[in-house]
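# Breakdown of the fold
This is what each chain is made of:
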Amino acid sequence: MATLRERKTYRKAILRTLYGAVERNSPEVSGATLRDEVRLPDADLYAACAYLADAGLITVDWTSHKTPATASLTHEGIRFMEEEEDSAAPTQGD
């Protein structure tokens, strides 16, 4: 079972992957691509995607095996990632 730190890391990796896709004008990512990019076992991928979907940050089309067929950021997810990006950027004069 994943620790809290691992679960947070998994969720951040998924959000970063989906945000990167949005930046490349690809609003939707296949489940296979997402799995390959974040390198998570299916159970952890399911848990992370379900958490993010419940939080309203992503939408997921599920397969019958509880793995994502496709996933994409919601408007709220994009705003969340933009705020993360802004807060990580150095400010003028630093």
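See above for the structure.
Please read these numbers as outputs of a predicted model, since none were measured by experiment.

Analysis parameters
- Numbers given to residues run from 1 along each chain, matching the order in which its sequence is written.
- Owing to the predicted nature of the model, reporting of local features is limited to residues with pLDDT of at least 70; listing and counting of side-chain atom pairs is limited to 80 or more, with chain, interface and lining totals taken over all residues.
- Calculation of side-chain values draws on the structure's entire complement of heavy atoms; hydrogens and water are dropped beforehand.
- Grid points spaced at 1 Å over the protein atoms alone were grouped into cavities, where a 1.4 Å probe fits but cannot get out, and pockets, open sets with protein on both sides within 12 Å along at least five of seven lines, with lining residues defined by an atom within 4 Å of a point.
- Grid points are joined across faces, edges and corners, and a volume is the space filled by probe spheres set on the points.
- Secondary structure elements follow DSSP: runs of H or I of four or more residues count as helices, runs of E of two or more count as strands, with numbering from the N terminus.
- Each residue gets one label: Ala, Val, Leu, Ile, Met, Phe, Trp, Tyr, Cys and Pro are nonpolar, Asp, Glu, Lys and Arg are charged, and the others, such as Gly, are polar.
- Any Lys or Arg side-chain nitrogen located within 4 Å of an Asp or Glu carboxyl oxygen qualifies as a salt bridge.
- Whether a residue is buried, partly exposed or exposed follows from its accessible area with a 1.4 Å probe, protein chains only, as a fraction of its type maximum: under 20%, in between, or over 50%, in that order.
- Only when DSSP finds a minimum of two bridges between them are two strands counted as paired.
- Here a residue-residue contact requires only that any non-hydrogen atoms of the pair lie within 4.5 Å.
- Between the N-to-C directions of two axes lies an angle of 0 to 180 degrees, each axis being a line fitted to C-alpha atoms and, for a helix, fitted only over the stretch in contact.
- For classification purposes, an angle smaller than 35 degrees is called roughly parallel, one larger than 145 roughly antiparallel, one from 65 to 115 roughly perpendicular, and anything else oblique.
- Between the rings of Phe, Tyr and Trp (Trp by its six-membered ring), a pair exists once the centres lie within 6.5 Å; its type follows the angle of the planes, with under 30 degrees stacked, over 60 edge-to-face, and the other angles tilted.
- The rule is short: NZ of Lys or CZ of Arg within 6 Å of the ring centre and within 35 degrees of the ring normal puts a charge over the ring.

### What to know about the layout of surface pockets
- Here the largest pocket is characterised by a volume of approximately 210 Å³.
- Together, Lys 8, Arg 11, Lys 12, Leu 15, Arg 16, Tyr 19, Glu 23, Leu 52, Phe 80, Met 81, Glu 84 and Glu 85 line the largest pocket.
- The dominant element in the lining of the largest pocket, judged by the number of residues it contributes, is helix α1 (residues 4–23), at seven residues.
- Grouping the amino acids of the lining of the largest pocket by side-chain chemistry returns five nonpolar, no polar and seven charged.

### Points about the pattern of salt bridges
- Using the criterion set out here, one finds two salt bridges in the structure.
- Residue Arg 35 is joined to Asp 42 by a salt bridge in which the shortest nitrogen-to-oxygen separation is 2.7 Å.
- The class of Arg 35 is partly exposed, set by a relative accessible area of 25%.
- With a relative accessible area of 38%, Asp 42 lands in the partly exposed category.
- A salt bridge links Arg 79 to Glu 76; the shortest N-O distance between them is 3.7 Å.

### Observations concerning the sheet that holds strand β3 (residues 68–73)
- Within the open sheet, the three strands sit side by side as β1-β3-β2. Their pairing is antiparallel. At either margin of the open sheet sits one strand with a lone partner, and together these are β1 (29–30) and β2 (58–62).
- As defined by bridge partners, β1 adjoins β3 across two bridges and the pair is classed as antiparallel. Across the sheet, the residue bridging to Val 29 is Ala 71, located in β3.
- Relative to β3, α1 is tilted by about 70°, and along the sheet it contacts β1, β2 and β3.

### As for the packing of α1 against helix α4 (residues 75–88)
- Interhelical geometry of α1 versus α4 gives an angle of 100° and a closest axis separation of 10 Å. With respect to each other, α1 and α4 are oriented roughly perpendicular. Between α1 and α4, the residues in contact are Leu 15, Arg 16, Tyr 19, Val 22 and Glu 23 and Ile 78, Phe 80, Met 81, Glu 82 and Glu 85, respectively.
- Grouping the amino acids of the contact of α1 with α4 by side-chain chemistry returns six nonpolar, no polar and four charged.

### Looking at the side chain of Thr 74
- Topologically, Thr 74 is positioned in the loop between β3 and α4.
- Not counting residues within four places of it along the chain, the set of residues in contact with Thr 74 comprises Gly 56, Leu 57, Ile 58 and Thr 59.

### Brief notes about the packing of aromatic side chains
- Enumeration over the complete set of coordinates arrives at one aromatic pair.
- Across from the ring centre of Tyr 51, 3.8 Å away, lies the NZ or CZ of Arg 11, which sits over that ring.

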